[in-house]
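Inside the fold
Residue strings, one per chain:
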Amino acid sequence: MFVQGIGTAAPPYKYTQRECWEAYLRSPYLKNLSSRAQAILRKVLTSDNGIETRCFVMHNLEEGFSYDPNLLHRRFSESAPGLAAQAARVALQQAGTSVEEIDALVISTCTGYLCPGLTSYVSESLGLRSSAYLMDLVGQGCGAALPNLQLANVLLASGQATRVLSICVEICSAAFYVDNDPGVLISTCLFGDGAGAAVLGKTPAPRLPRVEWGDYCTTLDPRDRELLRFESRDGMLRNVLDKSVPVLVVEHVRQVLQDVLECSGTRPQQISEWILHSGGRDVLVAIQAGLSIPKEKLAWSEGVLRDYGNMSSPSVIFTLERALQGGARPGLWFLSAFGAGISCHGALLRVT
């Protein structure tokens, strides 16, 4: 499988972390939080946590304090299809592929639910033919991009498709829920909205470096499930984020990396670029130290985190796009994303 085109999309409304804190100061919700919770919000939003700006589908930040299940669902249902289609059009244009050539559409999300799923609305918006294979993947959290791409790989390898459109879209602002729980508060300060798409095919793309999908491995430890996941409370999604997550992520990434290297018969020293999910500054620092990665090799992930925050599943697609456009060194790239479960996925990309 080859990556023939990549596209990303973010909402036009971009806010600094300081602007987010000032919005909290103006909101009626701040006084309902404990002094400790207020201190957490202030610290995360006004100190250096690796994030400078985030994009939301909200016209103004005050909309983010309307904690009503119907409003949050409407925010997702009205925004997710359009943002997904926007990223898809960029990927199709870069690949030089017409929508009629797409045999399958796979979409991942975890920040909202539609039935029929997002593929129904996005395929209509793009104009896919009615016989195209549609698959909605939900519940995989921040790590969803790699299972999505691997499904595309299976469809191509089996002969069921010659070109697959893969999309990850998250409206994280449709899942904001503020209470006194530190994990919930920190999540609200880290996440942003975005979409990433890729056109996958059996041959290299004429407009991109040759990006070939290689060995793929995955791991899941259900014992850690309660530490990183969504739960539903009062009809709204609530992010559960334990303080132990950065340490646990390092263990999972190390295991997946080891499995991928064993499958491919390669050594860590052969990896020229690290394309990692921008989960947060503490997560990236822990991975860099735990895997002895040169700090400069995380520049692609750090840049995405700085400019967009953690967008959940699209983040690693943004990072891959940035590396390809930024002139990253060809060779063996390690692509990895991790999320709810705690699950972790990794793949080797051969880039020439």
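Provided above is the structure to which this section pertains.
First things first, this report covers the structure right here in the doc.

Reading guide: rules and limits
- Residues numbered from 1 in each chain as written.
- Predicted model: local features only at pLDDT ≥ 70, side-chain atom pairs only at ≥ 80, totals over all residues.
- Heavy atoms only, no water.
- Helix = DSSP H or I, 4+ residues; strand = E, 2+ residues; numbered from the N terminus.
- Rg over C-alpha atoms; globule rule 2.2 N^0.38 Å.
- Buried < 20%, exposed > 50% of the residue type's maximum accessible area, 1.4 Å probe, protein only.
- Contact = heavy atoms within 4.5 Å.
- Areas by Shrake-Rupley, 256 points an atom, 1.4 Å probe, with all protein chains shown as cover.
- Lys, Arg positive; Asp, Glu negative; His and termini not counted.
- Charge placed at Lys NZ, Arg CZ, Asp CG, Glu CD.
- 1 Å grid on protein atoms, 1.4 Å probe; cavity = no way out; pocket = protein on both sides within 12 Å on 5 of 7 lines; lining within 4 Å.
- Points joined across faces, edges and corners; volume = space filled by probe spheres on them.
- Nonpolar A, V, L, I, M, F, W, Y, C, P; charged D, E, K, R; others polar.
- Salt bridge = Lys/Arg side-chain N within 4 Å of Asp/Glu carboxyl O.
- Phe/Tyr/Trp six-rings, centres within 6.5 Å; stacked < 30°, edge-to-face > 60°.
- Lys NZ or Arg CZ within 6 Å of the ring centre and 35° of its normal.
- Core = buried A, V, L, I, M, F, W, Y, C linked by side-chain atoms within 4.5 Å.
- Pairing = 2+ DSSP bridges.

1. Topic: the overall build of the chain
Counting its secondary structure elements, the chain contains 10 helices and 13 strands. Taking 2.2 N^0.38 as the reference for a compact globule, 352 residues should give roughly 20 Å; the C-alpha atoms of the chain span a radius of gyration of 19 Å, in line with that estimate. Put simply, the chain has 352 residues, and 60% of those count as buried. Within the chain, residue pairs in contact and separated by at least 24 positions form 79% of the contacts whose partners lie at least 6 positions apart. When the accessible area of the chain is evaluated, it comes to approximately 14,200 Å², of which 51% is carbon and sulfur surface. If you average the places of the 31 positive and of the 34 negative side-chain charges in the chain, the two averages end up 3 Å apart.

2. Description of the layout of surface pockets
Roughly 990 Å³ of internal volume is contained in the largest pocket. Surrounding the largest pocket, 50 residues form its lining, Ile-186, Ser-187, Leu-190, Phe-191 and Leu-241 being those nearest its centre. Looking at the lining of the largest pocket, the elements that each hand over two or more residues are helix H2 (35-46), helix H6 (182-190), strand E9 (228-233), strand E10 (236-241), helix H7 (245-264), helix H8 (281-290) and strand E12 (331-339). Ranked by the residues each element gives to the lining of the largest pocket, the list is headed by H6, at 7 residues. For the lining of the largest pocket, a count of residues per class yields 25 nonpolar, 17 polar and 8 charged. Approximately 250 Å³ is the volume found for the second largest pocket. In terms of lining residues, the second largest pocket is bounded by 15 residues, among which Val-57, Met-58, Arg-75, Glu-78 and Ser-79 are the most central. A class-by-class count of the residues in the lining of the second largest pocket yields 6 nonpolar, 5 polar and 4 charged.

3. Re the side chain of Ser-313
On the secondary structure map, Ser-313 appears in the loop between helix H9 (299-308) and helix H10 (315-325). If we skip the residues at most four places from it in the chain, Ser-313 touches Ser-108, Gly-141, Cys-142, Ala-144, Ala-145, Cys-168, Val-169 and Glu-170.

4. Remarks on the pattern of salt bridges
Scanning all chains against the criterion turns up 10 salt bridges. The salt bridge partner of Glu-101 is Arg-163, with a shortest N-O separation of 3.3 Å. Placement of the pair is Glu-101 in the loop between helix H3 (69-95) and strand E4 (104-109) and Arg-163 in strand E6 (residues 163-170), with a sequence separation of 62 residues. Taking relative accessible area as the criterion, Glu-101 reaches 31% and is therefore assigned partly exposed. Of the charged contacts in the structure, one is a salt bridge between Arg-129 and Asp-103, with a shortest N-O distance of 2.6 Å. With a gap of 26 residues between them, Arg-129 in the loop between helix H4 (118-126) and strand E5 (133-138) and Asp-103 in the loop between H3 and E4 connect regions that are remote in the sequence. For Arg-129, a relative accessible area of 35% puts it in the partly exposed group.

5. Some remarks on the packing of aromatic side chains
One pass over the full model with this rule turns up 5 aromatic pairs. Ring geometry for Tyr-15 versus Phe-56: centroids 6.0 Å apart, planes at 25°, classification stacked. Residue Tyr-15 is located in strand E2 (residues 13-16), and its partner Phe-56 is located in strand E3 (residues 53-56); the two are separated by 41 residues in the primary sequence. Given a relative accessible area of 10%, Tyr-15 falls into the buried group. Each residue in the set Tyr-15, Phe-56 and Phe-176 is aromatic and connected to the rest through ring pairs, giving one cluster. Lys-14 extends its terminal NZ or CZ atom over the ring of Tyr-308, reaching a point 5.2 Å from the ring centre.

6. Describing H10
Counting along an α-helix, one turn takes 3.6 residues, and residues three or four places apart therefore face a common direction. The element H10 is extensively covered by neighbouring structure, given that 9 of its 11 residues are classed as buried. Among all positions in H10, only Ser-315, Val-316, Ile-317, Phe-318, Thr-319, Leu-320, Glu-321, Ala-323 and Leu-324 are buried. Just past H10, the residue Gly-327 takes up positive phi, approximately 75°.

7. Overview of the nonpolar core
Counting residues in hydrophobic clusters, the biggest one holds 57 residues, and the most contacted among them are Tyr-24, Leu-41, Val-253, Trp-274, Ile-287, Leu-291 and Phe-334. If you tally residues by element for this core, the top one is H7, at 9 residues. Excluding residues that lie within four positions of it along the chain, Trp-274 makes contacts with Leu-257, Leu-291, Ile-293, Lys-297, Leu-298, Trp-300, Ser-301 and Phe-334. Listed in part, the 35 residues of the second largest apolar core include Met-1, Val-3, Ile-6 and Ile-275.

8. Comments concerning the environment of Ala-347
Here Ala-347 is to be found in strand E13 (residues 343-351). In contact with Ala-347, not counting residues within four places along its chain, are Leu-146, Trp-213, Asp-215, Tyr-216, Val-260, Trp-333, Phe-334 and Leu-335.

9. Let's talk about the pairing of strand E11 (residues 271-276)
Counting buried positions along E11 yields 6 of 6 residues, so the element is predominantly enclosed. Note that E11 and E12 share 5 bridges and pair parallel. Considered in E12, the bridge of Glu-273 is made with Trp-333.

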